[in-house]
Amino acid sequence: MSQEQIPKTQLAAVSDDASGFEIREIPVVQANELEPGRALVKVLYSGVCHTDLHVIKDDWPVKAERPCIAGHEGAGIIVAINDPISKLKVGDKVGVKWIAHSCNQCEFCIAGDEPLCLEAKCSGINAQGSFMQYCPAYTSQLTPIPDNLDMAEAAPILCAGVTVYKALKNSRARAGQWIAIPGAGGGLGSLAVQYAKWMGLKVIAIDSGAEKKKYCEEIGAAAWVDFKESKDIVAAVKAATPDGLGPHAAIITSPQPEAYLIAMEYIRPRGTVVAVGLPPAGAYVKADVFFTVLNNKTLTSSYVGNRQDAIESLQIAADGHVKCRIQTVPFKALEKVYTQMAEGSLVGRAVLDLFA
Ligand code: NAD
Ligand code: ZN
């Protein structure tokens, strides 16, 4: 795209304070104004992650630098670039992720742990995210999107997909073993069910409601536990495994703290609980010290993924092994999406069409 086709103004979802956000017109950074190491990405679609809602509501100990623009599942096209070193070029399909920038030179980056980079910038916190039509993104963390993957379908993979793909790797669960996924009907959870199936795992889906149950079964969950209806979730999860010992691992994708109070109880001896969901400040994991030690249980965590995890998780989707259930909605529906997300009624992922 030539510079003439880059408009002077655009729509962006700007949050001035924790009371919410407003979709309003703001200037577009022009090609000749791009800072070195940046590309202007025309964002076609952006998934809405529960993280965006946490950020807007100031849920976490880490607060956004305001005014902020959230969004970190942005699938778009480079329309201008100011980076002579990068192999990226105008016309490339790329993803704007949660990690918006990493130095790629510190101890953590060198070891492939870019999310831990001490200079990391995060979309919506201290970098502009994908809830804008033209995002001046850092080239350091832009992810190429495979040509044969639909752009709207690519969007949720850029956070939800890569995060659960990495968390499953961190769970150490092997083909044939059982894994519990609290939050299985949501964005991260429903992708976790599918990546887990693809890895040969047997899934116990934990969430609530008939629609989420049906969806989890459709995408291959072997068992279902309704966390609102079950009188004893721990017993129900253990009973779902043939020997009654419980799953070998659990990936907690729930944004509510309750899921963290029981997971260490229902995993089997030598099992691993992977903390992924990020409830508001003040949430704790409950683990009985005596039985954690005697049963050799492990508590670990997983935070998004590195650039290679992003490439791999997108390729698995492009190969047709996972497909997020998306509802594509116009940009102006963002408020409604947040409401549905807060009440837990969204199944799969809502994806914004930034130009609809
Ligand atoms: P979502 O709203 O799409 O889905 C959450 C699901 O959890 C819903 O289906 C809800 O019904 C279910 N749930 C709520 N309470 C539950 C409980 N007690 N037990 C079982 N299920 C329960 O949210 P999402 O976009 O998938 O994000 C989930 C969480 O993951 C958020 O807290 C988000 O900030 C976090 N997150 C973490 C990382 C990371 O790197 N660790 C990355 C992305 C998102
Ligand atoms: Zn996210």
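Residues numbered from 1 in each chain as written. Chains lettered and ligands numbered in written order. Predicted model: local features only at pLDDT ≥ 70, side-chain atom pairs only at ≥ 80, totals over all residues. Heavy atoms only, no water.

Brief notes about the site of ligand 1
Near ligand 1, the surroundings consist of 31 residues, among which His50, Thr51, Asp207, Val304 and Arg349 are the closest. For ligand 1, an oxygen atom lies 2.9 Å from a polar atom in the side chain of His54. Within the backbone of Gly187, an N or O atom sits 2.9 Å from an oxygen atom of ligand 1. About the coverage of ligand 1: the protein hides 94% of its 870 Å² of free accessible area. Mapped by element, the contributors of at least two residues to the shell around ligand 1 are α1 (50-56), α3 (151-170), α4 (187-198) and β12 (202-207). Here the shell around ligand 1 gets three residues from one element, more than from any other, and that element is α1. Residue classes in the shell around ligand 1 are distributed as 14 nonpolar, 13 polar and four charged. (Near = heavy atom within 4 Å. Polar contact = N/O pair within 3.5 Å; in protein donor to acceptor, adjacent residues only side chain to side chain. Areas by Shrake-Rupley, 256 points an atom, 1.4 Å probe, with all protein chains shown as cover. Helix = DSSP H or I, 4+ residues; strand = E, 2+ residues; numbered from the N terminus. Nonpolar A, V, L, I, M, F, W, Y, C, P; charged D, E, K, R; others polar.)

Quick word on the packing of aromatic side chains
Applying the stated rule across the entire model yields five aromatic pairs. Between the aromatic rings of Trp60 and Trp98, the centroid separation amounts to 6.3 Å while the plane-to-plane angle is 85 degrees, which identifies the pairing as edge-to-face. One end of the pair, Trp60, is in the loop between α1 and β4 (68-69); the other, Trp98, is in the loop between β6 (93-96) and β7 (99-101), and 38 residues separate them in sequence. By the burial criterion, Trp60 is buried, and Trp98 matches it. Seen in terms of ring centroids, Phe290 and Phe291 are 5.2 Å apart; in terms of plane orientation they differ by 90 degrees. Their pairing is edge-to-face. Above the ring of Tyr138, the side-chain terminus of Arg38 is found at 3.9 Å from the ring centroid. In this structure, Arg325 packs its charged tip against the face of Tyr215, placed 4.9 Å from the ring centre. (Phe/Tyr/Trp six-rings, centres within 6.5 Å; stacked < 30°, edge-to-face > 60°. Buried < 20%, exposed > 50% of the residue type's maximum accessible area, 1.4 Å probe, protein only. Lys NZ or Arg CZ within 6 Å of the ring centre and 35° of its normal.)

Thoughts on the packing of α3 against helix α9 (residues 307-318)
With their axes 8 Å apart at the nearest point, α3 and α9 run at an angle of 110 degrees to one another. By the angle between their directions, the pair α3 and α9 is classed as roughly perpendicular. In the packing of α3 onto α9, the handedness of the crossing is right-handed. Where α3 approaches α9, its residues Ala154, Ile157, Leu158, Gly161, Val162, Tyr165, Lys166 and Lys169 are matched on the opposing element by Asp309, Ala310, Glu312, Ser313, Leu314, Ile316 and Ala317. Of the residues assigned to the contact of α3 with α9, the class counts are nine nonpolar, two polar and four charged. (Axes fitted to C-alpha atoms, helices over the stretch in contact; angles between N-to-C directions. Parallel < 35°, antiparallel > 145°, perpendicular 65-115°, else oblique. Left-handed = near helix turned anticlockwise from the far one by under 90°. Contact = heavy atoms within 4.5 Å.)

Looking at the sheet that holds strand β1 (residues 9-15)
As a general point, the strands of a sheet are linked pairwise by backbone hydrogen bonds and lie either parallel or antiparallel. With antiparallel pairing, three strands are arranged side by side in an open sheet as β2-β1-β4. If you trace the sheet from one side to the other, it starts and ends with β2 (22-27) and β4, each paired once. Relative to β2, β1 runs antiparallel, the two sharing six bridges. Across the sheet, residue Gln10 finds its bridge partner in β2, namely Ile26. (Pairing = 2+ DSSP bridges.)

As for the coordination of the zinc ion (ligand 2)
Around the zinc ion (ligand 2), the protein contributes the donor atoms Cys49 (SG), His72 (NE2) and Cys159 (SG), at 2.0 to 2.3 Å from the metal centre. Positions of the donor residues of the zinc ion (ligand 2), expressed as sequence spacing, correspond to C-x22-H-x86-C. Of the two residues, His72 is situated in the loop between β4 and β5 (73-82) and Cys159 in helix α3; the sequence distance between them amounts to 87 residues. An identical accessibility class is assigned to His72 and Cys159; each is buried. (Donors = N, O, S within 2.8 Å, 3.2 Å for Na, K, Ca; no water.)

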